[in-house]
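Listed below are the residues making up each chain.
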Amino acid sequence: MPQENTSSSRHADLLISSGSVVTPNGIEHLDIACVDGRIVAMGSLQNRWTADTQLNAHGLHVLPGVIDSQVHFREPGLTHKEDLEAGTRGAVLGGVTGVFEMPNTHPLTLWREDLEAKLDAAKDRAWCDYAFYIGGAGVNAEQLQTLENLPGCAGVKVFMGSSFGELLADNDAVLRSILRHGRRRMAVHAEDETRLRERKAIVEASGDVCHHPDWRDVESALNATRRIVAMAGEAKRRLHVLHVSTAEEMQYLARHKRRVTVETTPHHLTMTAPQCYQRLGSLAQMNPPVREQRHQDAMWRAIREGVVDVIGSDHAPHTLEEKAQPYPLSPSGMTGVQTLLPVMLDHVHAGRLSLQRLVDLTSAGPARIFGIEGKGRIAVGYDADLTLVDLAAQRTIGNEWVASRSGWTPYDGKSITGWPIHTVIRGQMVVRDEALVGTPKGQPIRFLETSESTSALV
């Protein structure tokens with residue numbers, strides 16, 4: 001068991017006692033002292049430490065703060081369906097302490113001023129810590145090496161399909177230029193835009209959302225993934241493939257893990273076609289689609305085999321009115337940041353993965369592959385970002401619980417075992433006993449300097 005750091009002050013801002021703490025050593029029964037936003041001591045600390053705030057975590061598991069590395073909070077320009085305050089409020093209520101937000105806003109996040117406007121908008125409004133992606137495009141490709149290293153930037157995100165305007169990068173010359181101009185791991189939405197356009201007639205003729213995975217078929221995903229992995233290999237650029245949805249992609253990516261990391265999502269691990277479309281209609285409509293059982297089986301196999309590095313929610317809200325448009329006019333996207341941890345804890349309860357593996361996928365994994373400074377593990381010297389969960393708590397997810405401005409979840413009515421109870425960010429309680437406390441105090445996430453030393457990261 002870790003011993004108390006006797007060189008530290010014996011008065012803490014926050015003292016968490018009697019919890020089952022998920023550390024790099026495994027699950028340990030110990031106390032945690034937090035001072036000035038960091039963990040300063042771990043061990044048997046009761047009766048030897050005082051604290052401004054004390055929290056008895058008996059019966060709870062203390063996890064490193066959950067990092068959701070793919071959210072769309074729609075601000076600026078689309079705040080009728082989500083904004084930074086509501087999105088991050090939902091995040092902390094769901095046990096998430098940090099988020100990476102995507103660039104497909106209005107205006108698009110392509111330039112320094114776009115990033116700085118988002119950082120300004122998040123100040124004093126974001127409940128959790130945050131970073132923002134810069135969109136990789138033909139218009140800014142030659143500046144990306146500078147842009148990706150701006151404070152508060154999560155890196156470069158490229159849309160090979162399913163985007164619009166300058167953010168759509170489906171041309172090989174543009175993609176190669178983006179890959180050449182930068183060093184940080186590049187995130188990519190890999191769908192073949194040409195194939196999607198060719199096949200859209202399938203759903204325009206049927207008008208049936210059950211055909212969503214027929215339109216956006218396996219080949220549209222696999223072709224794009226093969227193409228970008230090959231180009232990243234030529235450029236010797238690290239790559240992160242988002243929301244992988246097919247068995248074929250997972251099989252291919254398992255052979256290219258030297259420079260490529262992999263994300264999957266709770267909805268691809270939880271829902272299957274055609275049942276989800278029959279039950280939820282366009283509320284289950286996402287890009288890439290939720291697919292048949294064999295693909296979900298492949299996602300779980302890839303988690304067991306270590307192919308998957310990260311679980312991200314791909315939180316992408318639309319209003320119920322927008323979703324009610326006739327398919328395929330209905331937009332793709334669903335809420336997810338608030339339900340990421342509860343849904344995955346329910347999978348832990350069902351025995352599909354261990355709690356330690358969940359921590360690797362939602363805390364240690366994001367910190368490792370993106371080079372996040374001071375987060376992702378419970379250890380002395382690290383940020384005191386902590387998610388306290390009750391593995392036995394039974395709850396039913398409901399639309400009324402969802403903080404998103406869109407006001408709905410595809411998991412409405414789903415019974416869950418395992419639930420976030422308290423959320424701590426940099427030593428400050430922001431959720432206590434499942435209720436918000438205090439005011440938004442989120443800060444920009446810090447990243448390790450891009451250098452030769454970080455190029456060795458997985």
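Below or above, wherever it landed, is the structure these notes cover. A quick note: this is a predicted structure, and the numbers were derived from the prediction, not measured. (Residues numbered from 1 in each chain as written. Predicted model: local features only at pLDDT ≥ 70, side-chain atom pairs only at ≥ 80, totals over all residues. Heavy atoms only, no water.)

Right, let's talk about the pairing of strand β2 (residues 26–35) for a bit. Every regular strand shows the same layout, with side chains that alternate between the two sheet faces. Across the 10 residues of β2, eight count as buried, placing the element largely inside the fold. By the bridge criterion, eight bridges tie strand β1 (residues 11–23) to β2 in an arrangement that is antiparallel. Each bridged residue has a counterpart across the sheet, and for Ile16 the counterpart in β2 is Ile32. The turn joining β1 and β2, which pair antiparallel and follow one another in sequence, is formed by two residues. (Buried < 20%, exposed > 50% of the residue type's maximum accessible area, 1.4 Å probe, protein only. Helix = DSSP H or I, 4+ residues; strand = E, 2+ residues; numbered from the N terminus. Pairing = 2+ DSSP bridges.)

Once that is clear, we can look at unusual backbone geometry. What you tend to see is this: most non-glycine residues have negative phi, and most peptide bonds are trans. Residue Pro274 is reached from Ala273 by a cis peptide bond, and omega for that bond is 0°. Among the secondary structure elements, Pro274 is positioned in the loop between α9 (266–270) and α10 (275–280). Between Tyr327 and Pro328 the backbone carries a cis peptide bond, its omega angle lying at 10°. Following the sequence through the fold, Pro328 ends up in the loop between α12 (320–323) and α13 (340–349). Positive phi, close to 30°, is recorded for His243, a residue that is not glycine.

Moving on to the pairing of strand β5 (residues 61–64). Both β1 and β5 contribute to a ladder of two bridges, which runs parallel. Considered in β5, the bridge of Val21 is made with Val62. Relative to strand β14 (residues 386–396), β5 runs antiparallel, the two being bridged by four bridges. Counterpart to Leu63 in the pairing with β14 is Thr387.

Within the secondary structure, Gly59 sits in the loop between β4 (50–56) and β5. For the pair Gly59 and Ala392, spaced 333 residues apart in sequence, the C-alpha separation works out to 9.1 Å. Apart from residues lying up to four places away in sequence, Gly59 is in contact with Ser18 and Asp390. (Contact = heavy atoms within 4.5 Å.)

Attention now moves to the sheet that holds strand β8 (residues 129–135). Here eight strands make up an open sheet; going across it, the order is β6-β7-β8-β9-β10-β11-β12-β13 and the pairing parallel. Both edges of this open sheet fall to β6 (66–71) and β13 (310–311), since each of them pairs with a single strand only. Relative to the sheet, helix α2 (residues 112–122) contacts β7 (96–101), β8 and β9 (153–159), its axis offset from that of β8 by approximately 160°. (Axes fitted to C-alpha atoms, helices over the stretch in contact; angles between N-to-C directions.)

Next up on the list: the environment of Arg446. For Arg446, the position within the fold is in the segment after β17 (435–436). Sequence separation between Arg446 and Gly306 is 140 residues; the distance between their C-alpha atoms is 26 Å. Ignoring any residue separated from it by four or fewer positions in sequence, one finds Arg446 in contact with Arg38, Gly371, Ile372, Glu373 and Asp383. There is a polar contact of 3.3 Å between the side chain of Arg446 and the side chain of Asp383. (Polar contact = N/O pair within 3.5 Å; in protein donor to acceptor, adjacent residues only side chain to side chain.)

Generally speaking, soluble globular proteins have nonpolar side chains that are buried together. Core analysis: the largest hydrophobic core is formed by 75 residues, its most contacted members being Val99, Val158, Ile228 and Leu239. With 41 residues, the next largest nonpolar core counts Val209, Leu283, Ala384 and Leu388 among its residues. (Core = buried A, V, L, I, M, F, W, Y, C linked by side-chain atoms within 4.5 Å.)

The tally for this structure, following the rule as stated, stands at 24 salt bridges. Where Lys118 meets Glu101, a salt bridge forms, and the shortest distance between an N and an O atom there is 2.7 Å. Of this pair, Lys118 sits in helix α2 while Glu101 sits in strand β7, and the two are 17 residues apart along the sequence. On the accessibility criterion, Glu101 (1% relative accessible area) is buried. Note that Arg176 is salt-bridged to Glu234, the shortest N-O span being 3.2 Å. Taken as a pair, Arg176 in helix α4 (residues 172–180) and Glu234 in helix α7 (residues 218–235) lie far apart in primary sequence, 58 residues in all. Looking at Arg176, the relative accessible area reads 32%, which means it is partly exposed. By sharing partners, the salt bridges in this structure join Asp129, Glu373, Lys375, Asp383, Asp385, Arg426 and Arg446 into a single network. (Salt bridge = Lys/Arg side-chain N within 4 Å of Asp/Glu carboxyl O.)

So, about the packing of α4 against α7. One way to put it is that α4 packs onto α7 with a least axis distance of 10 Å and a crossing angle of 45°. Relative to α7, the element α4 is oriented oblique. Our pair here, α4 against α7, has a crossing hand that is right-handed. On α7, the residues touching Asp172, Leu175, Arg176 and Leu179 of α4 are Arg227, Ile228, Met231, Ala232, Glu234 and Ala235. For the contact of α4 with α7, the per-class residue count stands at six nonpolar, no polar and four charged. (Parallel < 35°, antiparallel > 145°, perpendicular 65-115°, else oblique. Left-handed = near helix turned anticlockwise from the far one by under 90°. Nonpolar A, V, L, I, M, F, W, Y, C, P; charged D, E, K, R; others polar.)

The next point concerns the packing of α13 against helix α14 (residues 355–370). α14 packs onto α13 with a crossing angle of 150° between their chain directions and a minimal axis gap of 10 Å. Between α13 and α14, the angle falls in the class roughly antiparallel. Both α13 and α14 take part in a crossing whose hand is right-handed. Residues Leu340, Leu341, Met344, Leu345 and Val348 of α13 touch α14, and the partners they reach there are Leu355, Leu358 and Thr362.

Such coordinate-based values are descriptive only and should not be taken to indicate function.
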